[in-house]
Amino acid sequence: MYVCVCLRAAQVPTLSTVLHILLSFQAGQQLIWVSLNVLLFWKTFLLYNQGPEYHYLHQMLGLGLCLSRASASVLNLNCSLILLPMCRTLLAYLRGSQKVPSRRTRRLLDKSRTFHITCGVTICIFSGVHVAAHLVNALNFSVNYREDFVELNAARYREEDPRKLLFTTVPGLTGVCMVLVLFLMITASTYAIRVSNYDIFWYTHNLFFVFYMLLMLHVSGGLLKYQTNLDTHPPGCINLNGTHFQNTHLPEHLSDHFHESFPGGFSKPDELTQNTFVKICMEEPRFQANFPQTWLWISGPLCLYCAERLYRCIRSNKPVTIISVTSHPSDVMEIRMVKENFKARPGQYIILHCPSVSALENHPFTLTMCPTETKATFGVHLKIVGDWTERFRDLLLPPSSQDSEILPFIQSRNYPKLYIDGPFGSPFEESLNYEVSLCVAGGIGVTPFASILNTLLDDWKPYKLRRLYFIWVCRDIQSFHWFADLLCVLYNKFWQENRPDYVNIQLYLSQTDGIQKIIGEKYQALNSRLFIGRPRWKLLFDEIAKCNRGKTVGVFCCGPNSISKILHKLSNRNNSYGTRFEYNKESFS
Ligand SMILES: Cc1cc2nc3c(=O)[nH]c(=O)nc-3n(C[C@H](O)[C@H](O)[C@H](O)COP(=O)(O)OP(=O)(O)OC[C@H]3O[C@@H](n4cnc5c(N)ncnc54)[C@H](O)[C@@H]3O)c2cc1C
Ligand SMILES: NC(=O)c1ccc[n+]([C@@H]2O[C@H](COP(=O)([O-])OP(=O)(O)OC[C@H]3O[C@@H](n4cnc5c(N)ncnc54)[C@H](OP(=O)(O)O)[C@@H]3O)[C@@H](O)[C@H]2O)c1
């Protein structure tokens, strides 16, 4: 109904209308995906179970045929869908352009990673079913071998070792390789591997390209065939001319009639046919390999993905100009840079590639400062946590400056070549689109909010946001120095503009025995907003709910998973003030 109204109003649907309609089914999104899978599975199962063109193949392979084909159709769907959430530039474009006007719809785009994982898990499960069914099929090809169906049978003789079918045919061999590749990809995608050694996950996940190539070969093998001459050879008919007739075991009462041939036509058997439903034919069944439908499913999304990768390659092939590198306390480094025509929105992230550090590795970092119309500079803050960030830091900052007593230390010299890919979208972009937002950062998780705060410092009026609760939890007092200046300037700006309620800053120092302060006169405003210990989340939510009765508060969290779990739970809780908390989360692991 909704679809009809929209289409009629616009007459010729624009891209934005179509997108809006497609993405508006947020509530039923999973239902649509599940229904599509079930429908495909069931339709294909019935086709191979009852379709006359598969009569002989079904007789030979039984349930294995139906299960292998039905699972293959689910695999086709998911192997094509799984690529779409990985078209990150396209998603970032959709999120930012006015093509997706509703917030609910834009939030759906943030679920792209979950959707990618769901498709991945489905591929694993149905690959299991597909492989098991094909193992049974290989056995049945060998056991049910018949001389009169040589064309249809993948085995070359009765009792041929089914393992030969697996390792000497194109579909068999590619299938075995695909199982191996998939196994590697699954095991390397587990949370434990991603966190402990991201590179293993990254390199094995890139085997997806090999997987798709194998898939294309796998389906072109043409082992399963359908019957082409259903008109002249109805399935199961008795062929008076050919081998089928000789080999067919007729019921006893009929076999008497067929002892001799029928001179001058088929009047006698025809009569018999009418009474006993036995069909007579003169032709052998002819078979032909199925057209590989997988190509139709996969080629569109694969081309889209490749086009996007090519676009990203071209876009990122010019290095940035590094303007300054600053060493901050607690192992954090800030890089400011410029690049021609680079545009980004607050909350977005970029991917850094520094060939001098590693020729293959790329690492994502959230922009802490976005380029504006008047200022082309943009920046990131990196926490040194592992080998890449460590080597990158050593390259940009000489050891003497790393140990400098007075931080921040600003370095200006000749830098190695640095390439960036992006920007890419994130849920944090949405924080400016709520009237009230609660932004919670844990440690270095502050970076997306830093770019939001920088944007507000520039000009807050164009945005919907009218009140921002900014909560930042850190382990040591020094960490607050990363953005202490920004927070102070912002605080003063809103006081001067007589809007002291616009930003509510709360800093929490989680690990300390005594009272501490962010040293320096200019940080007085922050010292009075510094609390010792972890925040009391429930109290905080109650307070925000009370002050913003009946409103929708956008909740954003970037930091340790434990914080986001608590916030997610509290956001879903009802409160007596009619305030709705809408949780938006980005996952980093
Ligand atoms: C969208 C996004 C935005 C980020 N923004 C920032 C930021 O603003 N500032 C910041 O300091 N850090 C940020 N990170 C984390 C940063 O990417 C990692 O700390 C960095 O890649 C670590 O690399 P390493 O080799 O030094 O450490 P490793 O010891 O290899 O890894 C440390 C942790 O980082 C993760 N990681 C490693 N490599 C990658 C990668 N290529 N992609 C994603 N995660 C990886 C691993 O899961 C591991 O848990 C962000 C991560 C993501 C996904
Ligand atoms: N900007 C980004 O986009 C980005 C970049 C890198 C990392 N990350 C994510 O951010 C996380 C933080 O990185 P980090 O190493 O800087 O953080 P961290 O130092 O491990 O933790 C930051 C603070 O969060 C507090 N905390 C943890 N769980 C809490 C809870 N349930 N309630 C209240 N406070 C809690 C910690 O308190 P305690 O001292 O009491 O534990 C600590 O003070 C990483 O795990 C990563 O997933 C995000």
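Residues numbered from 1 in each chain as written. Chains lettered and ligands numbered in written order. Predicted model: local features only at pLDDT ≥ 70, side-chain atom pairs only at ≥ 80, totals over all residues. Heavy atoms only, no water.

**Observations regarding the site of ligand 2**
Logical step 1: Taken together, 23 residues form the shell around ligand 2, and within it Ile444, Thr447, Arg475, Ser510 and Ser562 come nearest.
Logical step 2: Separating a nitrogen atom of ligand 2 from a side-chain N or O atom of Thr447 is a distance of 2.3 Å.
Logical step 3: Within the side chain of Ser562, an N or O atom sits 2.9 Å from a nitrogen atom of ligand 2.
Logical step 4: Counting residues per element, the shell around ligand 2 draws most heavily on helix α24 (residues 561-571), which supplies 3 residues. (Near = heavy atom within 4 Å. Polar contact = N/O pair within 3.5 Å; in protein donor to acceptor, adjacent residues only side chain to side chain. Helix = DSSP H or I, 4+ residues; strand = E, 2+ residues; numbered from the N terminus.)

**Observations concerning the nonpolar core**
Logical step 1: Counting 39 residues, the largest nonpolar core has Leu456, Phe470, Trp472, Phe480 and Leu507 as its most contacted members.
Logical step 2: Elements supplying a minimum of two residues to this core: β12 (436-442), α20 (447-458), β13 (467-474), α21 (484-496), β14 (503-509) and β16 (552-558).
Logical step 3: When residues in this core are grouped by element, the largest group, 6 residues, is from α21.
Logical step 4: Excluding its chain neighbours within four sequence positions, the residues that come into contact with Phe470 are Cys439, Val446, Phe449, Leu453, Leu487, Asn504, Ile505 and Gln506.
Logical step 5: Of all hydrophobic cores here, the second largest spans 26 residues; its members include Val325, Phe342, Leu382 and Leu418. (Core = buried A, V, L, I, M, F, W, Y, C linked by side-chain atoms within 4.5 Å. Buried < 20%, exposed > 50% of the residue type's maximum accessible area, 1.4 Å probe, protein only. Contact = heavy atoms within 4.5 Å.)

**Points about the site of ligand 1**
Logical step 1: Around ligand 1 there are 20 residues in total, and Arg194, His363, Pro364, Lys383 and Thr389 lie nearest to it.
Logical step 2: The side chain of His363 places a nitrogen or oxygen atom 2.6 Å from an oxygen atom of ligand 1.
Logical step 3: Pro364 has a polar backbone atom sitting 2.8 Å from an oxygen atom of ligand 1.
Logical step 4: By residue class, the composition of the shell around ligand 1 is 10 nonpolar, 7 polar and 3 charged. (Nonpolar A, V, L, I, M, F, W, Y, C, P; charged D, E, K, R; others polar.)

**Description of unusual backbone geometry**
Peptide bonds are trans in most cases, and residues, glycine excluded, mostly fall at negative phi.
Logical step 1: Here the residue pair Gly422 and Pro423 is connected by a cis peptide bond, since its omega of 10° sits within 30 degrees of zero.
Logical step 2: Inspection of the secondary structure assignment puts Pro423 in strand β11 (residues 419-424).
Logical step 3: At Ser330, a residue that is not glycine, the phi angle is positive and equals roughly 55°.
Logical step 4: Unlike most non-glycine residues, Asp331 shows phi in positive territory, near 60°.
Logical step 5: Among the structural elements, Asp331 can be located in the loop between β5 (321-328) and β6 (332-338).

**Describing the state of the cysteines**
Logical step 1: As enumerated under the stated definition, the model contains 1 disulfide in all.
Logical step 2: Here Cys237 connects covalently by a disulfide to Cys281, the sulfurs 2.0 Å from one another. Across the disulfide from Cys237 to Cys281, rotation about the S-S bond amounts to roughly 70°, and the bridge is consequently right-handed. Of the two residues, Cys237 sits in the loop between β1 (225-227) and β2 (238-239) while Cys281 sits in strand β3 (residues 280-281), which places them 44 residues apart along the sequence.
Logical step 3: Cysteine Cys439 shares no disulfide, and the gap to the nearest cysteine sulfur, in Cys557, comes to 9.9 Å. (Disulfide = S-S within 2.5 Å.)

**Remarks on the pairing of strand β9 (residues 378-383)**
Logical step 1: Counting buried positions over the 6 residues of β9 gives 5, a clear majority of the element.
Logical step 2: As paired elements, β6 and β9 share 6 bridges and run antiparallel to each other. Across the sheet, the residue bridging to Arg336 is Gly379, located in β9.
Logical step 3: Both strand β8 (residues 363-369) and β9 contribute to a ladder of 2 bridges, which runs antiparallel. Each residue of the ladder has a partner; that of Met369, found in β9, is Gly379. (Pairing = 2+ DSSP bridges.)

**With respect to the confidence of the model for the protein**
Logical step 1: Within the protein, residue pLDDT values average 85, and 85% of them lie at 70 or more.
Logical step 2: Taken together, the stretch residues 1-13 has pLDDT below 50 and engages in 9 contacts with residues farther than four places along the chain or on a different chain. (pLDDT = per-residue confidence, 0-100.)

**So, the sheet that holds β16**
Logical step 1: The parallel open sheet is built from 6 strands, whose spatial order is β15-β14-β13-β12-β16-β17. This sheet does not close on itself; its edge strands, each paired only once, are β15 (530-532) and β17 (580-585). Sheet twist, expressed as the average angle between the axes of neighbouring strands with direction ignored, equals 20°.
Logical step 2: When β16 meets β17, the two strands line up parallel, connected through 6 bridges. (Axes fitted to C-alpha atoms, helices over the stretch in contact; angles between N-to-C directions.)

**Concerning the packing of aromatic side chains**
Logical step 1: For the structure on display, the rule yields 27 aromatic pairs.
Logical step 2: For the ring pair Trp42 and Phe45, a centre distance of 5.8 Å and an interplane angle of 10° mean the geometry is stacked. Of this pair, Trp42 and Phe45 are both found in helix α3 (residues 29-50), 3 residues apart, which corresponds to roughly one turn of the helix.
Logical step 3: Using a relative accessible area of 13% as the deciding quantity, one classes Phe45 as buried. (Phe/Tyr/Trp six-rings, centres within 6.5 Å; stacked < 30°, edge-to-face > 60°.)

**Section: the pattern of salt bridges**
Logical step 1: Enumeration over the complete set of coordinates arrives at 21 salt bridges.
Logical step 2: The partner of Arg163 in a salt bridge is Asp161, and the shortest N-O contact between them spans 3.2 Å.
Logical step 3: A relative accessible area of 56% places Arg163 in the exposed class.
Logical step 4: Take Asp161: its relative accessible area is 30%, and that puts it in the partly exposed class.
Logical step 5: Among the salt bridges present, the one from Lys538 reaches Asp542, with a minimum N-O distance of 3.8 Å. Of the two residues, Lys538 and Asp542 are both situated in helix α23 (residues 537-547); the distance of 4 residues between them amounts to about one turn of the helix.
Logical step 6: Residue Lys538 is classed as partly exposed on the basis of its relative accessible area, which comes to 48%.
Logical step 7: By relative accessible area, Asp542 is classed as partly exposed at 24%.
Logical step 8: One network of salt bridges, in which partners are shared, links Arg95, Arg106, Asp110 and Glu430. (Salt bridge = Lys/Arg side-chain N within 4 Å of Asp/Glu carboxyl O.)

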